[in-house]
Amino acid sequence: MKKKDLKGVEFERFEDVVVKYGFEKYRAAQLFGWIHVKRAGGLDAVKNIPAPVKEALLQAGYDIIYPAMAEKTESRRDATVKFLFKAADSAAFEAVRIEDKGRETLCISSQSGCACACGFCATGKMGLKRNLETGEMIAQFYAAAGALGIKFDNLVFMGMGEPLLNWDNVSRAIDILSDRRGSNFSRSRITVSTCGITPVMKKIARMEPGFNLAVSVITADNEQRSKLMPVNVKYPLKGVVEAAAEFGRKAKGRLTFECVLFDGINDSLQHAEALAGLIRGINCRVNIIPYNSAAGTGYSRPDTLKALAFQKALKRRGVEAYIRKEKGADIKAACGQLAAGENNSQC
Ligand code: SF4
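Residues numbered from 1 in each chain as written. Predicted model: local features only at pLDDT ≥ 70, side-chain atom pairs only at ≥ 80, totals over all residues.

Quick notes on the sheet that holds strand S5 (residues 92–100)
Here comes step 1: Strand order in this open sheet of 10 strands is S3-S4-S5-S6-S9-S10-S11-S12-S13-S14, and the pairing throughout is mixed. At either margin of the open sheet sits one strand with a lone partner, and together these are strand S3 (68–74) and strand S14 (321–323). If you compare each strand with its neighbour and ignore which way they point, the axes differ by 20° on average.
Here comes step 2: Here strand S10 (residues 190–194) runs beside strand S11 (residues 212–216); their pairing, made up of 4 bridges, is parallel. Bridge pairing in S11 links Ser-193 to Ala-214. (Pairing = 2+ DSSP bridges. Helix = DSSP H or I, 4+ residues; strand = E, 2+ residues; numbered from the N terminus. Axes fitted to C-alpha atoms, helices over the stretch in contact; angles between N-to-C directions.)

Things to note about the site of the ligand
Here comes step 1: Around the ligand, the structure places Cys-114, Cys-116, Ala-117, Cys-118, Cys-121, Thr-123, Gly-124, Met-160, Gly-161, Glu-162, Cys-195 and Gly-336.
Here comes step 2: Along the lines of polarity and charge, the residues of the shell around the ligand split into 7 nonpolar, 4 polar and 1 charged. (Near = placed C-beta within 6 Å. Nonpolar A, V, L, I, M, F, W, Y, C, P; charged D, E, K, R; others polar.)

Some thoughts on the environment of Ser-216
Here comes step 1: Positionally, Ser-216 belongs in strand S11.
Here comes step 2: Taking the C-beta count within 10 Å as the criterion, Ser-216 has 27 such neighbours and is therefore assigned buried.
Here comes step 3: In this structure, the C-alpha to C-alpha distance between Ser-216 and Cys-259, residues 43 residues apart in sequence, is 6.2 Å.
Here comes step 4: Among residues more than four places away in sequence, those in contact with Ser-216 are Ser-193, Thr-194, Cys-195, Gly-196 and Glu-258. (Buried ≥ 20, exposed ≤ 12 C-beta atoms within 10 Å, placed from the backbone. Contact = placed C-beta atoms within 7 Å.)

Side note on the domain arrangement of the chain
Here comes step 1: On domain assignment, one finds that the chain holds domain 1 (4–63) and domain 2 (68–346).
Here comes step 2: At the interface, 10 residues of domain 1 touch 14 residues of domain 2.
Here comes step 3: For the side of domain 1 that touches domain 2, the per-class residue count stands at 4 nonpolar, 2 polar and 4 charged. (Domains from an automatic or database assignment.)

Some words on unusual backbone geometry
With the exception of glycine, the majority of residues adopt a negative phi angle, and the majority of peptide bonds are in the trans configuration.
Here comes step 1: In this model, Arg-39 sits at a positive phi of 60°, which is unusual for a non-glycine residue.
Here comes step 2: With respect to the element layout, Arg-39 can be found in the loop between helix H2 (26–36) and helix H3 (51–59).
Here comes step 3: With 21 C-beta atoms packed within 10 Å, Arg-39 lands in the buried category.
Here comes step 4: Even without being glycine, Lys-101 reaches a positive phi, approximately 50°.

Some details on the packing of helix H7 (residues 198–207) against helix H10 (residues 237–250)
Here comes step 1: With their axes 8 Å apart at the nearest point, H7 and H10 run at an angle of 10° to one another. Between H7 and H10, the interaxial angle falls into the category roughly parallel. Between H7, through Thr-198, Met-201, Lys-202, Ile-204, Ala-205 and Arg-206, and H10, the contact on the second element is made entirely by Gly-239, Val-240, Ala-243, Ala-244, Glu-246, Phe-247 and Lys-250.
Here comes step 2: Across the contact of H7 with H10, the residue classes tally to 7 nonpolar, 2 polar and 4 charged. (Parallel < 35°, antiparallel > 145°, perpendicular 65-115°, else oblique.)

Here's the deal with the nonpolar core
Generally speaking, a soluble globular protein has its nonpolar side chains buried in company with each other.
Here comes step 1: Counting 104 residues, the largest nonpolar core has Met-201, Phe-247, Cys-259 and Leu-261 as the members making the most contacts within it.
Here comes step 2: The residues that make up this core include at least three from each of domain 1 (4–63) and domain 2 (68–346).
Here comes step 3: Excluding residues within four positions of it along the chain, Met-201 makes contact with Leu-164, Thr-194, Ala-243, Ala-244 and Phe-247. (Core = buried A, V, L, I, M, F, W, Y, C linked by C-beta atoms within 7 Å.)

Description of the pairing of S11
Here comes step 1: Within S11, 5 of the 5 residues are buried, which leaves it mostly tucked inside the rest of the structure.
Here comes step 2: Judged by which residues are buried, S11 turns out to be covered on both faces: Asn-212, Ala-214 and Ser-216 on one side and Leu-213 and Val-215 on the other are all buried.
Here comes step 3: You can see the chain leave S10, run along H7 and come back into S11, and the turn it takes is right-handed.
Here comes step 4: Sheet topology note: the S11/strand S12 (residues 255–261) ladder contains 4 bridges and is parallel. Looking at the pairing, Ala-214 lines up with Thr-256 of S12. (Right-handed = clockwise from strand over helix to strand, strands pointing away.)

Quick look at H10
Here comes step 1: For H10, spanning 14 residues, the distance from its first C-alpha to its last is 20 Å, which sits close to the expected 20 Å at 1.5 Å a residue.
Here comes step 2: Of all the positions in H10, only Leu-237, Val-240, Val-241, Ala-243, Ala-244 and Phe-247 are classed as buried. The buried residues of H10 occupy an angular sector of 160° when the element is viewed end-on, so they sit on one face. What points out from H10, more than 90 degrees from its buried face, is the exposed set Lys-238 and Arg-249.
Here comes step 3: Of the surrounding secondary structure, the elements contacted by the buried residues of H10 are H7, S11, helix H8 (222–228), helix H9 (231–234), S12 and helix H11 (269–278). (Expected span 1.5 Å × (residues − 1). Arc of directions from axis to C-beta.)

This is how it looks when you write it as structure tokens:
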């Protein structure tokens, strides 16, 4: 029987489980605290719960399960650390710690691999292995914090995978991490990134979820976007921008458009002008990400002056625009480089 990870169970369901096995409701709060505050690595590490409660849960197939931390790689250039996790079925996924001016951010994966096949992304070249379970996302957060002995200020779902194609598990992970009876991590410090899965974006906008959304827009040219991001054929740019605008109007979180810049592809002043026109009137900001090279993609990074000119052109049109600092590129931990070791040797 496949074991069920208690880390991935919401508090309300947790109560049901505990009561179902004949124990008092308050045991649920005790156990939840052991898992999400004390971060016990297994049911055997939980101390003040009677043995029959633990035994009943184990018999029912529940435990607290962590994937193995197979590798921890530290950048020599900055404070970036990349963690490679391996689940019992060998599914591999990565999380990245990024430090900036004393702020600690963890970037986690929502899938092992990705089906979206963006042409510039090392994860896309892996194909989809499988969706990560709720507990596997929470495990990245707890294990990385434990290994580094730090608390994270921000959590971003920008690692391997498309979070909105594993939305049930991602939204449950956010609910559990932000539960005040557990980690109590503020939803306003969580950002979910998407390449533009329009129907799920619209659903999220209507939920008023309290977290932030980052949408990878890349270019204002629909045809060009389809070449760079095949998902654009199914969910064209116009609908993606409309869904993002709906999030900007209705949801309480911040909306960011991510624009990866490729040398000679989408980095001209005309591209910047067109992008400014596309998002005109939307309450948002733009993150410009000069491309970090990834295995066998054929794309390259524009020079700094081009990125600055692109930013200036956006600002001239009234767009709040920032250039993201490159972090962790020497350990293949930067945006678009995560491949769980599969493609890295070709770089
Ligand atoms: S950029 Fe994101 S959505 Fe595209 S292939 Fe990579 S992980 Fe998937």
